[in-house]
4 protein chains.
Amino acid sequence: MTEGGTTENARKPIRVAVAGASGYAGGEVLRLLLGHPSYADGSLVIGSLTAGGNAGSTLGEHHPHLLPLSSRVLEETTVEILSGHDVVFLGLPHGNSAQYAKLLPESTVIIDCGADFRLQDPAAWEKYYKSTHAGTWPYGLPELPGAREKLVGATRIAVPGCYPTAASLALAPAVAAGIVESHVNVVAVSGTSGAGRAPKADLLGSEVMGSVRAYGVGGVHRHTPEIIQNLSAAGGKGISVSFTPVLAPMPRGILATCTAATTATEEQAREIYEKAYNDEPFIHVLPAGVFPQTGAVIGSNAVQIGVTVDADAGQLVVISAIDNLTKGTAGGAVQSMNLALGLPETAGLSTVGVAP
Amino acid sequence: MTEGGTTENARKPIRVAVAGASGYAGGEVLRLLLGHPSYADGSLVIGSLTAGGNAGSTLGEHHPHLLPLSSRVLEETTVEILSGHDVVFLGLPHGNSAQYAKLLPESTVIIDCGADFRLQDPAAWEKYYKSTHAGTWPYGLPELPGAREKLVGATRIAVPGCYPTAASLALAPAVAAGIVESHVNVVAVSGTSGAGRAPKADLLGSEVMGSVRAYGVGGVHRHTPEIIQNLSAAGGKGISVSFTPVLAPMPRGILATCTAATTATEEQAREIYEKAYNDEPFIHVLPAGVFPQTGAVIGSNAVQIGVTVDADAGQLVVISAIDNLTKGTAGGAVQSMNLALGLPETAGLSTVGVAP
Amino acid sequence: MTEGGTTENARKPIRVAVAGASGYAGGEVLRLLLGHPSYADGSLVIGSLTAGGNAGSTLGEHHPHLLPLSSRVLEETTVEILSGHDVVFLGLPHGNSAQYAKLLPESTVIIDCGADFRLQDPAAWEKYYKSTHAGTWPYGLPELPGAREKLVGATRIAVPGCYPTAASLALAPAVAAGIVESHVNVVAVSGTSGAGRAPKADLLGSEVMGSVRAYGVGGVHRHTPEIIQNLSAAGGKGISVSFTPVLAPMPRGILATCTAATTATEEQAREIYEKAYNDEPFIHVLPAGVFPQTGAVIGSNAVQIGVTVDADAGQLVVISAIDNLTKGTAGGAVQSMNLALGLPETAGLSTVGVAP
Amino acid sequence: MTEGGTTENARKPIRVAVAGASGYAGGEVLRLLLGHPSYADGSLVIGSLTAGGNAGSTLGEHHPHLLPLSSRVLEETTVEILSGHDVVFLGLPHGNSAQYAKLLPESTVIIDCGADFRLQDPAAWEKYYKSTHAGTWPYGLPELPGAREKLVGATRIAVPGCYPTAASLALAPAVAAGIVESHVNVVAVSGTSGAGRAPKADLLGSEVMGSVRAYGVGGVHRHTPEIIQNLSAAGGKGISVSFTPVLAPMPRGILATCTAATTATEEQAREIYEKAYNDEPFIHVLPAGVFPQTGAVIGSNAVQIGVTVDADAGQLVVISAIDNLTKGTAGGAVQSMNLALGLPETAGLSTVGVAP
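Residues numbered from 1 in each chain as written. Chains lettered and ligands numbered in written order. Predicted model: local features only at pLDDT ≥ 70, side-chain atom pairs only at ≥ 80, totals over all residues. Heavy atoms only, no water.

## With respect to the overall build of chain A
Next up, step 1: Summing up its helical and strand segments, chain A has 13 helices and 13 strands in all.
Next up, step 2: The C-alpha atoms of chain A give a radius of gyration of 20 Å, which matches the 21 Å a tight globule of 356 residues would have.
Next up, step 3: Total accessible area on chain A stands at roughly 11,900 Å², and carbon and sulfur atoms take up 52% of it.
Next up, step 4: For chain A, the distance from the average site of its 21 positive side-chain charges to the average site of its 30 negative ones is 5 Å. (Helix = DSSP H or I, 4+ residues; strand = E, 2+ residues; numbered from the N terminus. Rg over C-alpha atoms; globule rule 2.2 N^0.38 Å. Areas by Shrake-Rupley, 256 points an atom, 1.4 Å probe, with all protein chains shown as cover. Lys, Arg positive; Asp, Glu negative; His and termini not counted. Charge placed at Lys NZ, Arg CZ, Asp CG, Glu CD.)

## So, the interface of chain A and chain B
Next up, step 1: Contacts between chain A and chain B engage 42 residues on the former and 42 residues on the latter.
Next up, step 2: The junction of chain A with chain B conceals about 3,100 Å² of combined surface from both sides, 60% of it contributed by carbon and sulfur atoms.
Next up, step 3: At the surface where chain A touches chain B, the tally comes to two salt bridges.
Next up, step 4: At the boundary of chain A with chain B, the tally comes to eleven residue pairs in polar contact (both at pLDDT 80 or more).
Next up, step 5: Those elements that provide at least two residues to the side of chain A that touches chain B are α7 (122-129), β7 (180-190), α10 (205-208), β8 (213-214), β9 (240-247), β10 (254-262), β12 (303-310) and β13 (315-322) of chain A.
Next up, step 6: Tallying contributions element by element places β9 of chain A first for the side of chain A that touches chain B, with five residues. (Contact = heavy atoms within 4.5 Å. Buried area = accessible area lost by both parts, 1.4 Å probe. Salt bridge = Lys/Arg side-chain N within 4 Å of Asp/Glu carboxyl O. Polar contact = N/O pair within 3.5 Å; in protein donor to acceptor, adjacent residues only side chain to side chain.)

## Details of the sheet that holds strand β10 (residues 254-261) of chain B
Residue and element names in this part refer to chain B.
Next up, step 1: Strands sit in the order β8-β9-β7-β10-β13-β12-β11 across an open sheet of seven strands; the sheet is mixed. Either end of the sheet is taken by a strand with one partner, and the two such strands are β8 (213-214) and β11 (283-285).
Next up, step 2: Of the pairings in the sheet, the one linking strand β12 (residues 303-310) to strand β13 (residues 315-322) comprises seven bridges and is antiparallel in character. Residue pairing in the sheet places V307 in a bridge with V318 of β13.
Next up, step 3: Set on the sheet, helix α12 (residues 266-277) makes contact with β11, β12 and β13; between it and β12 the angle comes to about 160°. (Pairing = 2+ DSSP bridges. Axes fitted to C-alpha atoms, helices over the stretch in contact; angles between N-to-C directions.)

## Brief notes about the relation of the copies chain A and chain B
Next up, step 1: Rotating chain A by 180° and moving it 0.0 Å along the rotation axis overlays it on chain B with an RMSD of 0.0 Å. The symmetry that links the two subunits is that of a two-fold axis. Among all residues of chain A, the minimum C-alpha distance to the rotation axis is found for P249 of chain A, at 3.1 Å.
Next up, step 2: Most of the interface of chain A is mirrored in chain B: 100% of its interface residues are interface residues there too. (Least-squares fit on C-alpha atoms with pLDDT ≥ 70 in both.)

## With respect to the pattern of salt bridges
Next up, step 1: In total, this model carries 44 salt bridges over all chains according to the counting rule given.
Next up, step 2: Notably, a salt bridge pairs E207 of chain C with R197 of chain A, separated by 3.4 Å at the nearest N-O pair. Here R197 of chain A lies in the loop between β7 and α10 and E207 of chain C lies in helix α10 (residues 205-208), a pairing that spans two chains. Residue E207 of chain C shares its accessibility class with R197 of chain A, and that shared class is buried.
Next up, step 3: Between E274 of chain B and R270 of chain B there is a salt bridge, with the nearest N and O atoms lying 3.0 Å from each other. You can see E274 of chain B and its partner R270 of chain B sitting in helix α12, four residues apart, about one turn around the helix.
Next up, step 4: Salt bridges sharing partners connect three or more residues here, namely E28, R31, R252 and D323 of chain A. (Buried < 20%, exposed > 50% of the residue type's maximum accessible area, 1.4 Å probe, protein only.)

## A word on the state of the cysteines
Residues and elements named next belong to chain A.
Next up, step 1: Counted according to the given criterion, the structure contains zero disulfides over all chains.
Next up, step 2: Lacking any disulfide linkage, C113 is separated from the closest cysteine sulfur, that of C162, by 11 Å.
Next up, step 3: Here C113 falls in the buried class, since its relative accessible area comes to 11%. (Disulfide = S-S within 2.5 Å.)

## Observations regarding the interface of chain C and chain A
Next up, step 1: Counting residues at the interface gives 19 residues for chain C, matched by 19 residues for chain A.
Next up, step 2: Counting the surface lost from both chain C and chain A, the interface buries some 1,500 Å², and carbon and sulfur atoms represent 61% of this.
Next up, step 3: On the chain C side of the interface with chain A, the three residues burying the most area are L204, S206 and M209 of chain C, jointly 40% of the side's total.
Next up, step 4: Where chain C meets chain A, there are two salt bridges.
Next up, step 5: Where chain C packs against chain A, one counts ten residue pairs in polar contact (both at pLDDT 80 or more).
Next up, step 6: Here the side of chain C that touches chain A takes four residues from α10 of chain C, the largest share from any one element.
Next up, step 7: Residue composition of the side of chain C that touches chain A, by class: eleven nonpolar, five polar and three charged. (Nonpolar A, V, L, I, M, F, W, Y, C, P; charged D, E, K, R; others polar.)

## Description of helix α13 (residues 326-341) of chain D
Residues and elements named next belong to chain D.
Next up, step 1: Along its 16 residues, α13 runs just 19 Å from first to last C-alpha, ending more than 12% under the 22 Å computed at 1.5 Å per residue.
Next up, step 2: Roughly 40° is the biggest bend found in α13, and it falls at G332.
Next up, step 3: By the criterion of burial, α13 is predominantly enclosed, with 15 of the 16 residues buried.
Next up, step 4: At the exit of α13 stands G342, carrying a positive phi of roughly 80°. (Expected span 1.5 Å × (residues − 1). Bend = angle between axes of the 7 residues up to and from the residue.)

## Side note on the side chain of S300 of chain C
Residue and element names in this part refer to chain C.
Next up, step 1: In this structure, S300 sits in the loop between β11 (283-285) and β12 (303-310).
Next up, step 2: Residue S300 is classed as buried on the basis of its relative accessible area, which comes to 0%.
Next up, step 3: Excluding residues within four positions of it along the chain, S300 makes contact with D323, T326, K327, S350, T351, V352 and G353.

## Considerations on the relation of the copies chain C and chain A
Next up, step 1: Here chain C sits on chain A after a turn of 180° about the axis and a move of 0.0 Å along it, with an RMSD of 0.0 Å.
Next up, step 2: A share of 100% of interface residues in chain C that are also interface residues in chain A marks the association as one of identical surfaces.

## Description of the pairing of strand β2 (residues 44-51) of chain C
Residues and elements named next belong to chain C.
Next up, step 1: Among the eight residues in β2, seven count as buried, and that is most of the element.
Next up, step 2: Where strand β1 (residues 14-19) and β2 come together, five bridges link them in parallel fashion. Considered in β2, the bridge of A19 is made with T50.
Next up, step 3: The pairing of β2 with strand β3 (residues 75-76) spans two bridges and is classified as parallel. The residue bridging A51 from the neighbouring strand is E76, located in β3.

## A closer look at helix α9 (residues 162-177) of chain C
Residues and elements named next belong to chain C.
Next up, step 1: In this model α9 runs 24 Å from its N-terminal to its C-terminal C-alpha over 16 residues, within 8% of the 22 Å that 1.5 Å per residue would give.
Next up, step 2: Most pronounced at L171, the bend in α9 amounts to some 40°, and the proline P173 follows within four residues.
Next up, step 3: Most of α9 sits inside the fold, with 14 of its 16 residues counted as buried.
Next up, step 4: Once α9 ends, the next one or two residues include G178, with phi positive near 70°.

## Some points on the UniProt feature "domain: Semialdehyde dehydrogenase NAD-binding" (unreviewed entry) in chain A
Next up, step 1: Those places that UniProt annotates as "domain: Semialdehyde dehydrogenase NAD-binding" (unreviewed entry) correspond, in this numbering, to residues 15-152 of chain A.
Next up, step 2: In the segment residues 15-152 of chain A, helix accounts for 30% and strand for 17%; the C-alpha atoms at its two ends are 19 Å apart. (UniProt positions renumbered as here; feature names shortened; annotations may be inferred.)

## Here's the deal with the packing of aromatic side chains
Two aromatic rings are characterised by how far apart their centres lie and by the angle between their planes.
All names here are of chain D.
Next up, step 1: Scanning the model with the defined rule gives 16 aromatic pairs over all chains in all.
Next up, step 2: Ring geometry for Y163 against F243: centres 5.1 Å apart, planes inclined by 65°, an arrangement best described as edge-to-face. Of this pair, Y163 sits in helix α9 (residues 162-177) while F243 sits in strand β9 (residues 240-247), placing them 80 residues apart in sequence. The pair Y163 / F243 is uniform in exposure class, with both members buried. (Phe/Tyr/Trp six-rings, centres within 6.5 Å; stacked < 30°, edge-to-face > 60°.)

## Considerations on unusual backbone geometry
All names here are of chain B.
Next up, step 1: Between A355 and P356 the backbone carries a cis peptide bond, its omega angle lying at 0°.
Next up, step 2: Locating P356 in the fold gives a position in the segment after α13 (326-341).
Next up, step 3: For K130, which is not glycine, the phi torsion reads 55° and is therefore positive.
Next up, step 4: You can see K130 is positioned in the loop between α7 (122-129) and α8 (148-151).

## Comments concerning the confidence of the model for chain A
Residue and element names in this part refer to chain A.
Next up, step 1: On average, residues of chain A score 95 in pLDDT, and 97% of them reach the 70 mark or higher.
Next up, step 2: Throughout residues 1-9 the model reports pLDDT below 50, and contacts reaching past four residues in sequence, or to other chains, amount to two contacts.
Next up, step 3: Both scores are available for the predicted complex, with the pTM at 0.96 and the ipTM at 0.95. (pLDDT = per-residue confidence, 0-100.)

## What about the domain arrangement of chain A?
All names here are of chain A.
Next up, step 1: Under the domain assignment, chain A is made up of domain 1 (14-159 + 329-341) and domain 2 (162-322).
Next up, step 2: Just the C-alpha atoms count here: the centres of domain 1 and domain 2 sit 24 Å apart.
Next up, step 3: Contacts between the two partners involve 23 residues from domain 1 and, on the opposite side, 25 residues from domain 2.
Next up, step 4: Of the roughly 2,100 Å² buried where domain 1 meets domain 2, counting both sides, 51% is carbon and sulfur surface.
Next up, step 5: Counting the surface domain 1 buries against domain 2, the share from its top three residues, Y24, Y128 and E143, is 31%.
Next up, step 6: At the boundary of domain 1 and domain 2, one finds three salt bridges. (Domains from an automatic or database assignment.)

As structure tokens, then:
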């Protein structure tokens, strides 16, 4: 590439496409891009917005909160339409990303909000997703040990699942420090947007309001192997995870209650967490005795974490709160994009939530 | 007393008073009494309704849903006013029941919805409630091994806490059968009415809607020793309990996710639960693969339980759902009253919830 | 039929079928029947439960709150299956009732929770429902002037719409007394169950929680002509109605705010309402200065009404609250059944709500 | 002031204080300031944060979503502490602003989120607020005819009430164009944060979830005279307003349903609204047949408006949606600050909401 080209490139705005723009992940990516400083200064432009069944309708019909884009018409999700963009966010049902990844140029930064490229172990993929493993991409959770450097300049990124984001960040420091035994317990309460926007009777407002329910009970939820993978990478060899997701009557947010047998004291545990996350711009370890609420992180990319030790029960208890659509999906995606493109990692992402 | 008197007594209706009638426990006791067949046939009458600061106001100002009683004026909670009733429900702040218990006749059936007489161990009481132990009364959870017979004809009854009701019924069969080890983990998501009706900033609708938060984290919640007591009684000697309560944006309901290491198979575990609860009118073990939601038990005295084993993680996972105000408080109280008075145990209590 | 047969019939229990049992209307009819004294004493039995696409599944999969019926298998909705019942509740999509009505015996009491037979004016039907008018049946709102007597012994009953129930009962006394002019304004906030159980993206929990929205704005909602019909029957000749329904984040309940120009004083207005509803078992006119909340009528058949006059604006303001599924649908249906069968009108119906 | 001083001033950052920082209005002002470009570039700094009873605690205890300020300690609200700031936002209970206004320098820009200086008519103030009228300040609703120019360079600004913001913007164009008669009807559904953060039993989550209720019925709500004042200023001489606020189970948002008799056609009405708001950056008139939902404006300063005419009823129906804390309070306050300081009016304010 010539200097002239470089110069010209430097002036050309980054063109970003969002596939699956009418869904929740796509909508949240767009919400964050609209507030991104590179969008404000014109160095990043929002190109094609595509959809499956909703192609042909306007974005405003699906996301009336994205006023500046409300008259945009959704195009069909095809390789042709996605080509010609520098960054492509994929918010597609699981199993649909590989086809676009193959045909788009290698230089295109593809950021997949789906599960297709998260798992390293083909056997785990096949067991939980009942299909052929598509491969493994750099994992878009920079706060995990060793993850950030693989994202810098990456052109293929697998955005973590929302539950694995909350659980892994809550447990990785303890696992890495060796203060917990080989079994951890995660009960994570989530808002309903994590279940997506496809209409299902059991996700109707009438069903979810005024009620909580557990689902995917007994280790069958697809995020279980992803949590195990992350904790293993953090040093938890042979770790076993009991994971129970619970659906709560709220649109957004995940609160993960994580417990594991420990002989550490609360002071030791807190020191480990504070040290681990001291330099992380999005992770906030709360003062002793304070525990997070999801309401404090809505719309933000923050992770709030409370740490204690139940000495009577011999258990480390760590509670983490994230917004499943922001840090748990689209915020993680934009954070990864920033790293991939060499932008400031925190650009367009806030630690300030919308409350109450 | 003459035989004639006895005969007349037999015709005299049972007079019931409710102390703390403007609170949630008191209101729910009244809701159930209004639907009780003994109230319908006149053999039970609702006598004095008393309150603290709300004395002098009408019940309708506090419980507009109790239309038949809406013009009743709340009296002061005093021994004099409570005397002359055959049954007295106490829905008072913790620490207030003993004074009434002492001064009311021994023949009066006192059913305490508060914590004062639940714990057997004075040391546990003092550690968690920071006051002198008042004593121990028969425990109003008939489904626990050995509990029902102590309630028949009892005149002093301690209604269990809402979380211990959900957690103990979820875990007791496994503990009694010896299929779990000496540690259990309980994460229980509750509606807000469990926190009572006293105005607090962090219980405002603006704060709780759209948010979940853990509280009493690290074994410090007062229901911890009560759960341990129940599981110990079920056979779990030296059992340790990690208990984390979580507040969810809904008025009623508790969903308890209980896990414990096991080597049992799912079939073995299910058989134990089905056998344990086969004859219980209010406890329903769901079919394999089905787990409860709190929305299905609202307003009912039912306990719905789902049982599975996560073989990969070596964990028994039991999920139970109750209405914290019904089975978890006032329903348990009325069920206990029925046993105390020799009425059918299920009188006035339903397994049918109000949904959606 | 011989006298002996009559005698035998008198002993035979009433067999009740519910078509559309997996929907919200059907489920609520079943909830009420399970608490009906005729069900308790065996003089009414719950026969076939039928469904469309859900035929073959158990009722418990759709209504886990109806525990006593949870293992019942749903049958196909056909004339053959519905035949042989004394009472048939229809909870079917609009336009489907006429076919069953034609083929079932005339002696069968058919209670249609759908709209097909509500409107008297074929032109209004065709304008709002875009199909041929099926006819008009006695209208199941006994509290409207002249309605009750037509329901006694009826074998075909059209259950009112939920909004018309709330609005008509709020306005009929003022219209009948002639204290309001020829235009009324109704803004009615409803819970989501009124929109039914068919999965739609805009009824997902994620969409409805944390948001209110108006729909059917500008007089296009199908309940508009029904409200006009009721108020016209109450004496409001040539009355015009501006009706705006608003969807709120709650499963149940309707709060109708009704305004109309008046020269009456508040005292005059209150006297009219108190007189009109003094003998009605389900309608409760609240004290001066008190206005209803939907939370106080959930699960009950009560109608709570608040009346005032805004003298500065020259407006009568009447607020009514109902449970859209109970008084607004299934409660009205059971109340009508009671009248049709000669049972006490209030049997199985309560004025006590479930709160909080 | 010398030129040198001017130059120095130009470099000095604007110091902003927030009184009542632990309340909802104060918290929202801070949320917006943290995202303001002048805060980002250092030309605006957040100075003292003050409180009443909460003085001495950290901001994080009250607003855990404002992470960057969470360790800030709240000071006492006194003139001394507020002095030395260039801009002071007041989020105080009604009746408390005048004392600070008197003693702070005239050059200090005081932006009062309370009601004290909104009304022009002392009689209206005394009737609705039962106290002495403090005066009238420029009204912080720039989109009302004639309002914007009074805000440019102002040093005293009265932020409008949340309901008047929604209702006045919905009705002003029709009133100004003379297409509605002399009476308008407003039923406005609001989230609970509008009622503030002081703990009250009827605002507990248990009370508000699952229920809607009207309050301030019959023209007694204090926002009634403010709506009348705004519509009168828009040209509606002698206009009467029937205003009914309704509390809904959500933290934020107002949906105002506004009706008034008209002979205009829908096309005429829509043209008037589109013309009136064509150049307004925050007001968006939705396409024909589309009506707003509050969920689309949460966290944003946008006003979404739907307009139609119910020809059968002869009524103009206008629905507006705002976030009561943003455009309805703190967003309007920051928009006014921008005008007062000569910053771009839209700085720090978005038309993009957080949804779902």
